[in-house]
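# Structural features, examined
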Amino acid sequence: QHIEDGIDHFFEGMPVFMNALDAVAEVHPFIAVAVMAFKTVYTLEVKRRGNEKKVIALYVEMKDMMAVLLQLQDIRDEKVVAPDKTTIEDRLKSLVERTAEDIKACSNACDTYCKKKLLAKVFQGPLWDTKLLSFVDVFEKRRTAIEFALSIHNTETLEAMTAKLSNVDNSTKQVNAKIDVLMTMFETLVSKEQKTVAEIVAANGGAKAVRNNDKMLATLDGAVAKATQESGIRSTGPAALDELRDDLMDDPESAVAKNMVVFSRKFEIQKRQIIDEIALVVRRETDRIIQEVKTGAHDRILDKGWRGNVKARHFVLALRDYYLEKMQDEAPKIKGITVMKDDRTDTDAWAIKFIDVMHLQRILEAFDDDASGFITVSEMNRFTSGRPIDWSLPHWIAYWAIGML
């Protein structure tokens, strides 16, 4: 019942859960790799939002594994050593990195399975169930390992550490029991369409009778397409039949391996989108350009109807004028931005001189991501968020103007 409830209500409360993981990752950055992997595959699943309950069941297990990391919120100092002289980061870092890889591998397997035709899911049902359920074992073992590492770190004596080892065998038995339950449940976690296909296959003599009979295979595929509104092979030509047969015969391990190339691209694109969104929402304190623009240079280049963008060239020149005026106000003796005294305390003075017409094009390209000729607030936020934490904004602009300094 617990597993079924988890599947039915998986998407509920996920934003809060993600925020909790983010909060822990801020305190313990070494878990960020796993948190980002989980957020990426979850976002991909939300976008797909199909009706594959077997896939959702795996994501429930994935979430349960990640929930263990929330226990780190009780450990504020990651440098504190356990009785065996290791820190929590030493104990968990490599484990968390492998967990991130497991999350990606599971999502790839789910992606591969969801792309399969209904005929393939029926023909290879037991094989796919075994493949998908293998990740339950992986996640349970990772969860147990993380829990064990946390409990060891919180244990005060070596004797108590030894005592905790006895619980590992019990955890293994629990994992095996859960897999048995899920294996039975997977037999019922099939869509109405898949049940329809299974009935059609059975009515035509079963998978073995159909597998090597091209005429029957084409007829069956057409019947399935008609009954489920799934697109069929549309023709009975050799190439089309070969494609269908390959889909039916391609074992899960091979299919998952081949899909990883395409899935990795999709994974990386989604991860980059998440990183960009985080950069826009969570701005570092050093991104003071927002406040500076609100009260300064933009008054000379924006009209009253400005709604979030400005011509790129005007923006850069106004930014240059702003810093020039700021330097002149702070040091009246300086006649221009190319003249600097040896006793000048403004560490940005050397960089400001590169914000000029000569370097205008490179600066424009750095700000204007889509080459539209306009700079939006989000583009400005994205540019400033990419700045190294110990660099000022003029330094960051100078870097893009003439290269690494």
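The rules behind the values
Residues numbered from 1 in each chain as written. Predicted model: local features only at pLDDT ≥ 70, side-chain atom pairs only at ≥ 80, totals over all residues. Heavy atoms only, no water. Helix = DSSP H or I, 4+ residues; strand = E, 2+ residues; numbered from the N terminus. Buried < 20%, exposed > 50% of the residue type's maximum accessible area, 1.4 Å probe, protein only. Contact = heavy atoms within 4.5 Å. Areas by Shrake-Rupley, 256 points an atom, 1.4 Å probe, with all protein chains shown as cover. pLDDT = per-residue confidence, 0-100. Core = buried A, V, L, I, M, F, W, Y, C linked by side-chain atoms within 4.5 Å. Axes fitted to C-alpha atoms, helices over the stretch in contact; angles between N-to-C directions. Parallel < 35°, antiparallel > 145°, perpendicular 65-115°, else oblique. Left-handed = near helix turned anticlockwise from the far one by under 90°. Nonpolar A, V, L, I, M, F, W, Y, C, P; charged D, E, K, R; others polar. Phe/Tyr/Trp six-rings, centres within 6.5 Å; stacked < 30°, edge-to-face > 60°. Polar contact = N/O pair within 3.5 Å; in protein donor to acceptor, adjacent residues only side chain to side chain. Disulfide = S-S within 2.5 Å.

Moving on, we come to the overall build of the protein chain. Helix and strand content of the protein chain: 20 helices and two strands. A total of 405 residues make up the protein chain; the buried ones form 46% of that total. In the protein chain, the proportion of contacts linking residues at least 24 apart, taken out of those at least 6 apart, comes to 74%. Roughly 21800 Å² of accessible area belongs to the protein chain as shown, and the carbon and sulfur atoms make up 53% of that amount.

Glancing now at the confidence of the model for the protein chain. For the protein chain, the average pLDDT comes to 77, and 75% of its residues sit at 70 or higher. Residue range residues 296-307 is modelled with pLDDT below 50. Its contacts to residues more than four positions away, or to other chains, number 17 contacts.

Now for the environment of Trp400. Residue placement: Trp400 occurs in helix α20 (residues 393-402). A C-alpha to C-alpha distance of 6.1 Å links Trp400 and Ile363, two positions 37 residues apart in sequence. Each residue touching Trp400, except ones within four places of it in the same chain, is listed here: Arg362, Ala366 and Phe383.

Time to look at the nonpolar core. In this structure, Ile31, Phe38, Met62, Met66, Leu72, Leu92 and Ile103 are the most contacted members of the largest nonpolar core, which totals 60 residues. In this structure, Ile103 is in contact with Ala34, Ala37, Phe38, Val41, Met62, Met65, Met66 and Phe139, ignoring residues within four places of it in sequence. By size, the runner-up hydrophobic cluster in this structure holds 27 residues, among which are Val310, Ala349, Ile355 and Ala401.

Moving on: the packing of helix α18 (residues 360-367) against α20. In contact at an axis separation of 8 Å, α18 and α20 are set at 115° when each is read in the N-to-C sense. When the axis of α18 is compared with that of α20, the two are roughly perpendicular. In this structure, the crossing between α18 and α20 has a hand that is right-handed. Within the contact between the two elements, α18 uses Arg362, Ile363, Ala366 and Phe367 and α20 uses Ile397, Trp400, Ala401 and Ile402. Residues that form the contact of α18 with α20 fall into these classes: seven nonpolar, no polar and one charged.

In total, this model carries 16 aromatic pairs according to the counting rule given. Relative to Phe38, the ring of Phe17 lies with its centre 6.1 Å away and its plane at 85°, an arrangement referred to as edge-to-face. With a gap of 21 residues between them, Phe17 in helix α2 (residues 14-27) and Phe38 in helix α3 (residues 32-48) connect regions that are remote in the sequence. Overall, Phe17 belongs to the buried group, its relative accessible area being 10%. Both rings, one in Phe135 and one in Phe139, keep their centres 6.4 Å apart while their planes meet at 35°; by these two values the pair is tilted. Taken as a pair, Phe135 and Phe139 lie in helix α7 (residues 125-154) at a separation of four residues, close to a single helical turn.

The residue Asp129 is located in helix α7 in this model. Overall, the relative accessible area of 9% leaves Asp129 in the buried class. Of the polar contacts made by the side chain of Asp129, one reaches the side chain of Lys54; its length is 2.8 Å. Once you skip the residues sitting within four places of it in the chain, Asp129 turns out to touch Lys54, Met183 and Phe186.

Since there are 3.6 residues in each turn of an α-helix, residues three or four apart along the chain are aligned in direction. Extensive coverage of α20 is indicated by the burial of seven of its ten residues. Within α20, burial applies to Leu393, Pro394, His395, Trp396, Ile397, Ala398 and Ala401.

Below, the discussion takes up the state of the cysteines. Here the structure, examined in full by the defined rule, presents zero disulfides. Of the cysteine sulfurs around Cys106, a residue in no disulfide, the closest is that of Cys110, at 4.2 Å. Look at Cys110 and you get buried, because its relative accessible area is 2%.

Moving on: the environment of His28. Tracing the backbone through its elements, the reader meets His28 in the loop between α2 and α3. Considered as a pair, His28 and Ile88 are 60 residues apart in the sequence and their alpha carbons are 9.4 Å apart.

In this section: the packing of helix α4 (residues 53-67) against helix α5 (residues 88-115). Packed helices, taken two at a time, are described by their axes: the angle between them and the distance between them. The geometry of α4 relative to α5 is characterised by a closest axis approach of 10 Å and an angle of 170° between their N-to-C directions. By the angle between their directions, the pair α4 and α5 is classed as roughly antiparallel. Facing Lys54, Val55, Leu58, Tyr59, Met62, Met65 and Met66 of α4, the residues of α5 in contact are Thr99, Ile103, Cys106, Ser107, Cys110, Tyr113 and Cys114. Class assignment for the residues of the contact of α4 with α5 results in eleven nonpolar, two polar and one charged.

With respect to the helices and strands, Lys131 occurs in helix α7. The residues contacting Lys131, other than those within four sequence positions of it, are Pro252, Glu253 and Val256.

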